[in-house]
Amino acid sequence: MQHRLVLRILAKLLFAPILLFAFYVQFHGDFGPGGGFQAGLIFASAFVLHGLIFDVSSARRFVSDRLLQVGAAGGVLLYAGTGFASILFGGNFLDYDLLSETPTSGQHLGILLVEAGVGIAVACVMVMVFRAFADRLPHLRERDW
Amino acid sequence: MLFAFLIATALGIAYLRHLFAVVMLAGMFSLLSALLLLSMDAADVAFTEAAVGAGIATILMLSAMALTERQEKPSNRSMLERLPALAVAGAFGALLIYAMLDAPPFGDPFAPAQTHVAPYYIEQTAREIDVPNLVTAILASYRGFDTLGEVVVIFTAGIGVALLLGGFVARDRSK
Amino acid sequence: MFATILPAALLAQLPVLQVAIPLLAAPVCVLLGRGRWVHDFSLLVTAVVAITSLALLQLVLGGGDASYALGGFAPPWGIEYRIDPANAVILLLVSVSGFLVLLQSRTSIEAEIPKQKHPLFYTAFLLCLTGLLGVAATGDAFNAFVFLEISSLATYALVATGKSPRALTAAFRYLILGTIGASTFVIGIGLLYMATGTLNMSDLATRIPASPHHAVIQAAFALIIVGLGLKAAIFPLHFWLPNVYTFAPMVVTIFLAATATKVALYLLARFVFVIFEDASFAGMLLMPLALLAMFLASLAALQQGNVKRILAYSSIAQIGYMFFALALASTQAVAAAWLLMLTHALAKGGLFMAVAGIALQTGSSNLDDWKGIAKQMPWSAAVMVVCLLSLVGVPLTAGFVAKWSLLVAIFSTSGSIILVAVVAAASLLTLLYAGKILETIYLGTPDEQRATANLREAPLAMLVTAMLVAAMNIYFGLNGTVLSDLSNRAALALLSGF
Amino acid sequence: MNATELVMGSDAALFMSGMNAYLLDFLATGYNYWMAIVLMMIGFYITLARSNLVKKIIGLNLFQTAMFLLYISIGNVVDGGVPILTDNPDALYSNPLPHVLILTAIVVGIATTALGLALAVRIHEAYGTIEEDEILDAEAGDS
Amino acid sequence: MLTIASLLLLLAAIPTLARLLRGPTLYDRTLAMNVFGTMTTLLIALAAFIVERADLLDIALLYALVNFIGTIAILKFFRYRTLGKIPPSPPKDES
């Protein structure tokens, strides 16, 4: 549909910067507002925008539904796995102090892993939910309008 | 002023029947409350509230509306039938007002909330975690288990939506 | 037993493993993806969880309360898991129920849930289990909210997978009320935080008496009772429960009936006795409600034609008993409440298991379709008899031990013989609807279509598990000291504070 | 001048002109609390009284957002700053703990919303309506 | 100076809000919402300068993004009545 040319080009142009912004929020969360959850949301919103302007099915070629499911599970696993790792290193659950040489670097590593887990899980779940809604055929009935 | 906006929006949500407009108002309600949260120094929360309330929630509601209806039907509930709801909401509000009359004054730095556990985070984070953003430090480390719970909540919601709307089931490869 | 086998390092980690294992297993279950594997995997996980909780109970009974600092941060700054006999018993109840339910219900899940949804269904089940265990184990008020929501969200999704479209509306209503309940609870916690500056339960208990903001604490108390009351289906906040139990898939009904309301009730008891301590005023206010629940819900149960619905109303009545016991607030009465929880889980769990078997074979849970079913499914009917008797509280069943200790507790606490008589009279109502069910399945004459139909006994796994539960009902009835000792320890732990 | 004064200050200025000192004193101490409570009541009322399922969920959202405002008000400190450490050793910060709790609560809220909307969609497919009254009528009919 | 600017922005928000609440057609509402979003973005940027914390500019950026996506979603929904796959023959929209 040609009359949506502006939007299509704009979406293509914006896609990468939004992802970049998501990464910025993800890794800058230690210093400014933001963190895994917010980054995950922004990440998802890039895909939502893509899905809005193009089609959900075209995005599916790059990111399959199964991949999203695996991603969501993987994010949770990464978080919980960090917890179990700290047990293996001899600490309590989610005690990051022992993950690296010094407690603070261990904390940094732990927070990085955990936030990554949050980001992945949230992004995947949000895209999953959006697609689940968008996939349904709408019940177009004139009288509702 | 912001509160006046907020209340106007909330009343608008209550009275408008056009669900489309209501969803937009709800999105704006979120933006406004995010602004208010920001004015109370909660930068991270404002960030999240804006992204969630005005972004994802609006889009989800629009999607849901695409699949259901756009117009709220005029209710034939009489005033009498609404009275219980009003009474419950009123009782709830009265209870909270009763509590707040006895509450520590707004912004009091010597209120119990500010003096017991919180100073520890503010003083120790630099030494123990070495991360400037206190919210991140508490979120990911001091109360990291809550955040694990939070991720599991989102995961549960994803599973639930997939279970309900039927998408995203594992493919049976034997077929 | 376990204390000698397991290495000390592992023992110290038990409190968190209890919750973290099913939590880790849930995403793995998604990854596994298909077919038969999921059931076996979930069963394995619940078995491990059940063993963990048994070990944990033994640890706590032997060596005193276990406190676990998550993340290695000392409470009240970090989140604390705190296991004492009171919640160790609840943990055992939840995890063993989870195991038995999964053991029992492979066939009924295959009959009720489309195959391609199985991985997600089991994941949701494990998440629900995780949430309930997390609520029971935690010593941190806000953490309790988070895990309460995990279990609730999983429950909404599970309930909605029921076949009837009314499962959807039941789930929706539950979602709205459950969310209001959870939000109310969390506002209560916020007010407590405002008045004391802490979220840790034992820290709250010590700081509340010193706080100058009495009204805030009173309001918090009210909000928390209402919020958890909604979750625990305490009369008059029970109206979501009958539809949920009736239209959810059988597995979910069994599991919820055995565990969910009990966990909410436990948390309520923890808040009332440990955190607020002085609960006498609330007790006086809430006792009449509990009495009303016993009578009205039992009467409502009498009028229902659907077995699941009868049992749902019966649950509301039984929650009334537990709540009544808690409202009495003496050590004896709280022990009776714990006994009631345990035996009710046994009786209701067994009943719903038998119902699941019969409903699977007859394809209906209407009492009218069950006339004379006992001739065709004698073993399932026998299980129903045992469990109904236990529910009523007939001697030699586990239910009797609990009801008896409740009556004794009422008498010794209030000294009023009238109250004893009233509660005993309420028990007679139970007998009425139990009798109605038994009469139909034993004495009713089946319509011709069914009499000639080739109805067989429930599948072996279902039957054996149900019979196992029925046997437990009898065993704990004959050997009542096991449960009552546990309950006494629980009550002592709860009333002596942290 | 910080963000708090930016909004609250202008608020106070506007209110001062219209109200007498006593009322101001009474309101100003818990101004945020009162407003959060009013918003909560509106949300609560919408959830309970409205028949439309989507509207109910929106009401629930409103209720929860008001709850967030209440929590954050609890943690606010006069003259406090955003709780991100700066080089200034004397800086006052607002209490970060409620912020963390509310971040979690927001996530729980959106999760509930997503699930609730999914349920509403399924209900619409099953009953052809999302008005609670009509659904109740339909249910009364078939049982 | 910055304070005055933010005060003016707040004042300007009043008519926008009114349009959003009353706005007879959906286009009015959508436009009002978009304008309102822009004003909030500006307000946050101003706040960032007033408290001299550059962190807050991130939030302004996010607001702009969310506002953009929200508007697109609303317009797409308005035009095609769906957020997902566009039906082969888009329904007429002479409403």
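Residues numbered from 1 in each chain as written. Chains lettered and ligands numbered in written order. Predicted model: local features only at pLDDT ≥ 70, side-chain atom pairs only at ≥ 80, totals over all residues. Heavy atoms only, no water.

1. A word on the pattern of salt bridges
Note the cut-off: Salt bridges, as used here, are contacts in which a Lys or Arg side-chain nitrogen is within 4 Å of a carboxyl oxygen on Asp or Glu. By definition, any uninterrupted DSSP run of H or I lasting at least four residues is a helix, any uninterrupted run of E lasting at least two residues is a strand, and each is numbered from the N terminus. Accessible area is worked out with a 1.4 Å probe on protein chains only. A residue is then buried under 20% of its type maximum, exposed over 50%, and partly exposed in between.
Scanning all chains against the criterion turns up nine salt bridges over all chains. Between Arg 143 of chain B and Asp 140 of chain C there is a salt bridge, with its nearest N and O atoms 2.7 Å apart. Of this pair, Arg 143 of chain B sits in the loop between helix H7 (134-142) and helix H8 (144-165) while Asp 140 of chain C sits in the loop between helix H6 (118-137) and helix H7 (141-160), on two different chains. Asp 140 of chain C gets classed as buried once you look at its relative accessible area, which sits at 0%.

2. What about the interface of chain D and chain B?
Let me state the cut-off plainly: Residue contacts are defined here by distance: any two heavy atoms, one from each residue, within 4.5 Å place the two residues in contact. The term buried area refers to how much accessible surface (probe radius 1.4 Å) is lost by two components on association, counted for both of them together. Lys, Arg, Asp and Glu make up the charged group, whereas Ala, Val, Leu, Ile, Met, Phe, Trp, Tyr, Cys and Pro make up the nonpolar group; the residues left over, Gly among them, are polar.
In this assembly, 86 residues from chain D lie in contact with 88 residues from chain B. Of the roughly 7,900 Å² buried between chain D and chain B on both sides combined, carbon and sulfur atoms contribute 76%. Counting residues per element, the ones that place at least two in the side of chain D that touches chain B are helix H1 (3-18), helix H2 (21-49), helix H3 (53-75), helix H4 (96-127) and helix H5 (132-142) of chain D. Class assignment for the residues of the side of chain D that touches chain B results in 57 nonpolar, 21 polar and eight charged.

3. Re the confidence of the model for chain E
All names here are of chain E. Quick note on the threshold: Confidence of the predictor at the level of single residues is given by pLDDT, which spans 0 to 100.
This prediction gives chain E a mean pLDDT of 78; 84% of its residues lie at or above 70. Contacts from residues 89-95, a stretch scored under 50 in pLDDT, to residues over four places away or in other chains number twelve contacts. Two summary scores accompany this predicted model of the complex, namely pTM at 0.91 and ipTM at 0.91.

4. A few points about the nonpolar core
The line we're drawing: The set of buried Ala, Val, Leu, Ile, Met, Phe, Trp, Tyr and Cys residues whose side-chain atoms join them within 4.5 Å is what this entry labels a nonpolar core.
The biggest cluster of nonpolar side chains holds 424 residues, and the ones touching the most others in it are Phe 93 and Phe 133 of chain A together with Leu 191, Phe 271, Phe 324 and Trp 338 of chain C. Residue contacts for Phe 324 of chain C: discarding those within four places in its chain leaves Met 287, Ala 290, Leu 291, Met 294, Ile 410, Leu 419 and Val 423 of chain C.

5. Considering unusual backbone geometry
Residues and elements named next belong to chain C. The omega torsion of the bond from Pro 75 to Pro 76 falls at 5°, within 30 degrees of zero and hence cis. Tracing the backbone shows Pro 76 in the loop between strand E1 (66-69) and strand E2 (80-83). In this chain, Phe 235 is followed by Pro 236 through a cis amide linkage whose omega measures -5°. For Pro 236, the position within the fold is in the loop between helix H10 (214-232) and helix H11 (241-247).

6. Examining the interface of chain C and chain B
Note on interface size: it is often stated as the accessible area lost on association of the parts. As a reminder of what qualifies: Polar contacts, as counted here, are pairs of nitrogen or oxygen atoms within 3.5 Å of one another; within protein the pair requires one atom able to donate a hydrogen and one able to accept it, and residues that are adjacent in sequence qualify only if both atoms are side-chain atoms.
Contact residues are listed per partner, giving 54 residues for chain C and 42 residues for chain B. Summed over both sides, the interface between chain C and chain B buries roughly 4,100 Å², with carbon and sulfur atoms accounting for 75% of that surface. Taken as a group, Phe 73, Trp 77 and Leu 120 of chain C account for 17% of the area that chain C buries against chain B, more than any other trio of residues on that side. In this structure, the connection of chain C to chain B is made through one salt bridge. Scanning the region where chain C abuts chain B turns up eleven residue pairs in polar contact (both at pLDDT 80 or more). With nine residues, H7 of chain C is the largest single contributor of residues to the side of chain C that touches chain B.

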